[in-house]
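The lines below spell out each chain.
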Amino acid sequence: MILRRVCFSSNTLVRFPRHGVITLFHLHSLSRSSTYPNSKYIPSYHSELEQLLSEKCKVGFDKLEDALVVFDKMLGMRPLLNVVKFNQLLAALVKTKDYSVALSLYRRMCILGIPVSVITLTTVINCCCHLKQVDYGFALLAAIFKRGFFADVVTYTTLVRGLISQDRFLEAEILFKNLLKENEVKPDAAIFTTIIDGLCKTGNTSQAIMLLRYMERKGCMPSVVTYNIVIDSLSKDRLVDDALGLLAEMSDKGVQPNVVTYSSLIHGLCNLNRWDDIIQLFRDMDRHKVSPDKHTYSILVDAHVRDGKVKEAEELIELMIRRGQPPDVVTYNSLMDGYCLRGELDKALAVLRTMTSKRILPDTHTYSIMINGYCKKLEVDRAIHILEEMPLKGLEPSVETYNTILDGLFRTYRLDEAHKFYKKMLNLGVKLNIVTRGIFLHGLCWNGLVVEAMSEFHKMESCGLVHHTRIYNILIHGLFKDGKVDEARNLFNNLLLKGLQPSVISYTIMIHGFCRVGLLDEAYKILWEMEENNCLPNEVTYNTLIHGCFKNKMYDGGCVLIDEMCAHGFKVDAFTTSMLSDMLQSKEQDPGLLALQKKFKPLVHQ
DNA sequence: TCGCCAGCGG
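Cut-offs used in this document
Residues numbered from 1 in each chain as written. Chains lettered and ligands numbered in written order. Predicted model: local features only at pLDDT ≥ 70, side-chain atom pairs only at ≥ 80, totals over all residues. UniProt positions renumbered as here; feature names shortened; annotations may be inferred. Helix = DSSP H or I, 4+ residues; strand = E, 2+ residues; numbered from the N terminus. Buried ≥ 20, exposed ≤ 12 C-beta atoms within 10 Å, placed from the backbone. Contact = placed C-beta atoms within 7 Å. Axes fitted to C-alpha atoms, helices over the stretch in contact; angles between N-to-C directions. Parallel < 35°, antiparallel > 145°, perpendicular 65-115°, else oblique. Nonpolar A, V, L, I, M, F, W, Y, C, P; charged D, E, K, R; others polar. Near = placed C-beta within 6 Å. Expected span 1.5 Å × (residues − 1). Core = buried A, V, L, I, M, F, W, Y, C linked by C-beta atoms within 7 Å. Arc of directions from axis to C-beta.

Under an unreviewed UniProt entry, chain A has the name Pentacotripeptide-repeat region of PRORP domain-containing protein and belongs to Daucus carota subsp. sativus. As its UniProt record puts it under Sequence similarities (unreviewed entry), chain A is described as follows: "Belongs to the PPR family. P subfamily."

Okay, structure coming up:
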């Protein structure tokens, strides 16, 4: 009952915003047969039309106009077609992602008094959710009650999904818990899976696993989709062994893994460069008769590119073509990105030409990769030129595209232009994200404007825009670089007070900051603090502290740390090696130093 | 005989 109240408290008037570009006027003109001569192929008989609809609701219409012509025909048929047929037509529009058109047709159905069912309304709610209008979805839920229907588990799953897709996970969780508590619906695998997905997407994989166990206890069998979501999340968290454990569990429980399962695992293994395991998984796939698809190959292409193996990536693309899984824009984007990362812009341009010759249209991301390539080479003007060309090609630059240029301007010390560009982004209505703000604050620090950066940060903070560890890292680093040790220390404490979790990078920045001003005690304290907070130091952390020790002539401490990091399987970096070598050549007559010189001789001469 | 849940990109 609580739910009902909640639902009715939202706007019960079912009104739609002007979604998309299709208006009723367009629909009328589009559906006239004379406009589309092809419409003569649209059947006029009930049986043929019904056959067509049950086919198209699975795959969607090839052309939007065909759907509109069919709809118009359906309206004219007497006796009036069953609601199922109208639902199928709407389903076909959902398949082709023509959500706003589906909404317009639903409105026409209402105006003409065509009967609808809870399935019609659920389909329309789904369209609202895809258009990021979940509140209209709730208004439609009210419409369901008003018509005397009962919303079922599918309706609620759709709404839960809608909330999650608008980053309203807490509301989604409340809705879900209320549904369970009130026994409003019998939960199925899909609704559990949707919440599990929400947990994974908000970084709570362990809670997601707990919910997976809970659904099992409640007698609701996790589906292959449920497992895939958790496996994917674990793989992204670099916990691939746990993910592989779930793969084994799936097989034990008779849930057949599919190509998505394997692709997620392969992706996770690629991130860890575990090539042997990847080969093993491919064998496994073959044994289970699961064929790799375009995604699987694209992941591999991307992994090769990131590993610097561009030649192998090219060969894989050839293999894809031979196996009838032709590469698409995403695959080629990976390859282009590989060349851009190596600074081989001419080769990236050659890939672009290949794409064009194969009639694969470059997308926003393709151009963003090129822009990123030029910015990394500090050729920002060429990057801006590409940005200006994008609208001419019918492509709208994304916030990431703008971010890349903004970063480029700051890094080339074009401060005025960077400020103007940032303002331009705001004026254009670009939805700035945490990365934009990070680039802006980093850019100010980079150009020595730490005070301005801090003032901007406080303004952003008061609007709740910078609640992110990475933002604190940028500023702490900037403050230390500017010699503002106390302010840096305060900001780090603030990070904790705000309930944020320092990352290994945060700690390393603190260690680096303290070392450069000779506050070794404080640097060590940070290392202990990390351990207390279960944050493992990485190779950079150790090397940073070792540099600090050597620079401050604390050879013993530095050497103990070298032993410790080697025991953890980390390697000393080039800078540490050069410091060791300086130490070996040191003429100081300290007996401790002599002992160390003897010990480390082999390490340096490796 | 219709509606809900998954994997690739700076």
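Read on for the rest.
(A) Molecular detail of unusual backbone geometry. Here the amide bond leading from Arg-78 into Pro-79 is cis, since omega sits at 0°, within 30 degrees of zero. Non-glycine residue Asn-273 carries a positive phi angle of around 55°. Summarising the element assignment, Asn-273 is placed in the loop between helix H15 (259-271) and helix H16 (275-287). The exposure class assigned to Asn-273 is exposed, which follows from the 12 C-beta atoms found within 10 Å.

(B) Structural view of the environment of Ile-546. Within the secondary structure, Ile-546 is located in helix H31 (residues 539-551). Residues Ile-546 and Met-579, spaced 33 residues apart in sequence, show a C-alpha to C-alpha distance of 9.3 Å. Excluding anything up to four places from it in sequence, Ile-546 contacts Gly-558, Leu-561, Ile-562 and Thr-576.

(C) Spatial organisation of the packing of helix H19 (residues 329-341) against helix H21 (residues 364-376). Two numbers describe how H19 lies on H21: the axes approach to 9 Å, and their chain directions differ by 0°. On the basis of the axis angle, H19 is roughly parallel to H21. Together, Val-329, Asn-333, Met-336, Asp-337 and Cys-340 of H19 and His-365, Thr-366, Ile-369, Met-370, Asn-372 and Gly-373 of H21 make up the contact between the two elements. A class-by-class count of the residues in the contact of H19 with H21 yields 5 nonpolar, 5 polar and 1 charged.

(D) Region of interest: the protein's contact with DNA strand B. Residues in close proximity to DNA strand B total 58 residues, the closest being Asn-87, Ser-298, His-365, Ser-368 and Glu-400. A class-by-class count of the residues in the surface near DNA strand B yields 18 nonpolar, 30 polar and 10 charged.

(E) How the structure looks around the packing of helix H9 (residues 153-165) against helix H11 (residues 189-201). Following both chains from N to C, one finds H9 and H11 inclined at 10°, their axes separated by 9 Å at the closest point. What the angle tells us is that H9 and H11 run roughly parallel. Side by side, H9 and H11 meet where Val-153, Tyr-156, Thr-157, Val-160, Arg-161 and Ile-164 of the first sit next to Ala-190, Ile-191, Thr-194, Ile-195 and Gly-198 of the second.

(F) View of helix H23 (residues 399-411). The first and last C-alpha atoms of H23 sit 18 Å apart over 13 residues, in line with the 18 Å expected at 1.5 Å per residue. Of the positions making up H23, those classed as buried are Thr-401, Tyr-402, Asn-403, Thr-404, Ile-405, Leu-406, Asp-407, Gly-408, Leu-409 and Phe-410. On the buried face of H23, the contacting elements are H21, helix H22 (380-389), helix H24 (415-427) and helix H25 (434-446). Count one or two residues on from H23 and you reach Tyr-413, which has phi positive near 60°.

(G) Structural detail: the nonpolar core. Ranked by internal contacts, the top residues of the largest apolar core, which has 154 residues, are Ala-102, Val-160, Ile-196, Val-230 and Leu-475. The residues touching Leu-475, leaving out its near neighbours within four places in the chain, are Leu-441, Ala-453, Met-454, Phe-457 and Leu-491.

(H) Structural context of helix H3 (residues 46-59). Here H3 contains 14 residues, and its C-alpha end-to-end distance of 20 Å stays within 8% of the 20 Å for a straight helix at 1.5 Å per residue. Those residues of H3 lying buried are Leu-52, Leu-53, Lys-56 and Cys-57. Angularly, the buried residues of H3 cover 130° about the axis, an arc narrow enough to put them on a single face. Exposed residues on H3 whose side chains face more than 90 degrees from its buried face are Ser-47, Glu-48, Gln-51, Glu-55, Lys-58 and Val-59. The inward-facing, buried residues of H3 contact helix H5 (83-95). Just past H3, the residue Gly-60 takes up positive phi, approximately 85°.

(I) Expanded view of the environment of Ala-143. One can find Ala-143 in helix H8 (residues 134-146). On a C-alpha basis, the gap between Ala-143 and Val-118 in space is 9.7 Å, while along the polypeptide they are 25 residues apart.

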